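Single-letter residue listing:
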Amino acid sequence: MSLSPARSIDTERGRFTWREGGDPAGTPVVMIHGWPESSWCWAPVSDHLNPGLRVIAPDLRGLGDSERTEGAEHYRKQNLARDVIALLDALGIEGFQLVGHDWGGVVAQEMALAEPERVQRMVILNIAIINNLRGNQEVIEKVRGSGGAQYWYQHFMQTKGLPEAMIPGAETEWLGYFLKLANREPFPEEAFNEYVRTFRIPGTPHTSANYYRTFHDDAKRWATLADHVWPMPGLYIYGNQDHVILPEYLNHIEDCFESITVREVAAGHFLQEEQPEAVAEHLNGFLAP
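Residues numbered from 1 in each chain as written. Predicted model: local features only at pLDDT ≥ 70, side-chain atom pairs only at ≥ 80, totals over all residues. Heavy atoms only, no water.

(A) Spatial organisation of the pairing of strand β6 (residues 119-125). β6 sits mainly inside the fold: five of its seven residues count as buried. As paired strands, strand β5 (residues 96-101) and β6 are joined by five bridges and run parallel to one another. Residue pairing in the sheet places L98 in a bridge with M122 of β6. Taking the sense of rotation as the criterion, the β-α-β connection linking β5, helix α3 (residues 103-114) and β6 turns out right-handed. The sheet contact formed by β6 and strand β7 (residues 234-239) spans four bridges and is parallel. In the sheet register, I124 faces β7, and the bridge partner there is Y236. (Buried < 20%, exposed > 50% of the residue type's maximum accessible area, 1.4 Å probe, protein only. Helix = DSSP H or I, 4+ residues; strand = E, 2+ residues; numbered from the N terminus. Pairing = 2+ DSSP bridges. Right-handed = clockwise from strand over helix to strand, strands pointing away.)

This is the structure we're talking about:
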């Protein structure tokens, strides 16, 4: 299948864009991108998915072509989840399967917390499981021991005014550092140019930084979830050459799900673009047709 060009819709929470592909009568699969990407990131994967699925790929608030909203509170992951739910409500979609990468994987988990009866299956790619307090603490201890130099950009994004002052006019260099230099395979040029285009939309350095500026508030909520167990079947697809999402993030995740399968892909953080066929193969083996 191929994904449609981005289209927009007004919801009770704002104006958002999304891409769609597959069988309009098929089982809905909601695919949520991370930072610094957009719904475009799922296009290579969708080319290899079972045609009986109906893929819905939204642009999260502040990224892609969705609205740029002032105020960091809008970018708490619980609120971003409500945005996606509002879009699905506007499209008349009740039950769905979820796929989320990076911050989109956190938003997917927040959606599954908010509306568990609607989430039939959940797939997470290269991000922490928010109720895995033991594994996440082991990551923190390892990072403290190593100095954590690879996380410099998160501190940069959290610094007031700095992304807003330094990213505009340097979008190609900024995104090139993360997307072109950090991957095992050359990053697809068409995708890279698309992310540069959306990062040049006024306000994007501010809104994208808010994903990191709200992290501490998010983490306080997640610290209360140690006893939570995901009831829906889960799949974790791990790009095992990631320098940010370390293998320790996978420790103890079997305690966080009633049913969880882990699959590895020889890729870095942006595995859905580095190895789209391998990612799609794992999705096809897990998602209900």
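Past the structure itself, the notes keep going.
(B) Quick look at the nonpolar core. Grouped together as the largest cluster of nonpolar side chains are 92 residues, with contacts concentrated most on M111 and L283. Ignoring any residue separated from it by four or fewer positions in sequence, one finds L283 in contact with M31, V45, L49, V99, V123 and I237. (Core = buried A, V, L, I, M, F, W, Y, C linked by side-chain atoms within 4.5 Å. Contact = heavy atoms within 4.5 Å.)

(C) Spatial organisation of helix α12 (residues 276-286). P276, V279, A280, L283 and F286 are the residues of α12 that are buried. Projected down its long axis, α12 carries its buried residues within an arc of 125 degrees, all on one side. Opposite the buried face of α12, at more than 90 degrees from it, the exposed residues are E277, E281 and G285. Those residues of α12 that are buried are in contact with β3 (27-32), α1 (43-46), β5, β6, β7 and α11 (271-274). (Arc of directions from axis to C-beta.)

(D) Looking closely at the sheet that holds β3. Ordered in space as β1-β2-β4-β3-β5-β6-β7-β8, the eight strands form an open sheet in which the pairing is mixed. Of all strands in the sheet, those with a lone pairing partner are β1 (7-11) and β8 (260-265), marking the two edges. Taking each pair of neighbouring strands and ignoring which way they run, the sheet shows an average axis angle of 25 degrees. Strand direction decides the pairing type here: β3 and β5, joined by four bridges, are parallel. Bridge pairing in β5 places M31 opposite V99. Contacts from helix α2 (residues 77-90) reach β1, β2 (14-22), β3, β4 (53-58) and β5 within the one sheet, and its direction differs from that of β1 by about 100 degrees. Each of β3, β5, β6, β7 and β8 touches α12; the most contacted strand, β7, lies at about 170 degrees to it. (Axes fitted to C-alpha atoms, helices over the stretch in contact; angles between N-to-C directions.)

(E) Spotlight on helix α8 (residues 189-199). The set of residues buried in α8 consists of A191, F192, E194, Y195, V196, T198 and F199. Packing partners of the buried residues in α8 comprise β2, α7 (171-179), α9 (204-213) and α11.

(F) A look at the packing of aromatic side chains. Tallying each qualifying case throughout the model produces 22 aromatic pairs. On the basis of an interplanar angle of 10 degrees and a centroid distance of 5.8 Å, the ring pair of W35 and Y153 is categorised as stacked. Of this pair, W35 sits in the loop between β3 and α1 while Y153 sits in helix α5 (residues 152-158), and the two are 118 residues apart along the sequence. A single burial state applies to W35 and to Y153, both of which are buried. Seen in terms of ring centroids, W152 and F178 are 6.2 Å apart; in terms of plane orientation they differ by 20 degrees. Their pairing is stacked. Taken together, the positions of W152 in helix α5 and F178 in helix α7 put the pair 26 residues apart, joining distant regions of the chain. The partly exposed category is assigned to W152, whose relative accessible area is 34%. Look at F178 and you get buried, because its relative accessible area is 8%. Aromatic ring contacts, followed pair by pair, group W35, W103, W152, Y153, F156, W174, Y177, F178, Y212, F215 and W222 into a single cluster. Lying across the ring of W103, K77 places its NZ or CZ 4.4 Å from the centre. (Phe/Tyr/Trp six-rings, centres within 6.5 Å; stacked < 30°, edge-to-face > 60°. Lys NZ or Arg CZ within 6 Å of the ring centre and 35° of its normal.)

(G) Quick look at the packing of α7 against α8. Across the interface, α7 lies against α8 with an axial gap of 10 Å and an inter-helix angle of 135 degrees. For the element pair α7 / α8, the angle class is oblique. Pair α7 / α8 crosses with right-handed handedness. Of the residues in α8, those in contact with E171, T172, W174, L175, G176 and L179 of α7 are F192, Y195, V196 and F199. Among the residues forming the contact of α7 with α8, the class breakdown is seven nonpolar, two polar and one charged. (Parallel < 35°, antiparallel > 145°, perpendicular 65-115°, else oblique. Left-handed = near helix turned anticlockwise from the far one by under 90°. Nonpolar A, V, L, I, M, F, W, Y, C, P; charged D, E, K, R; others polar.)

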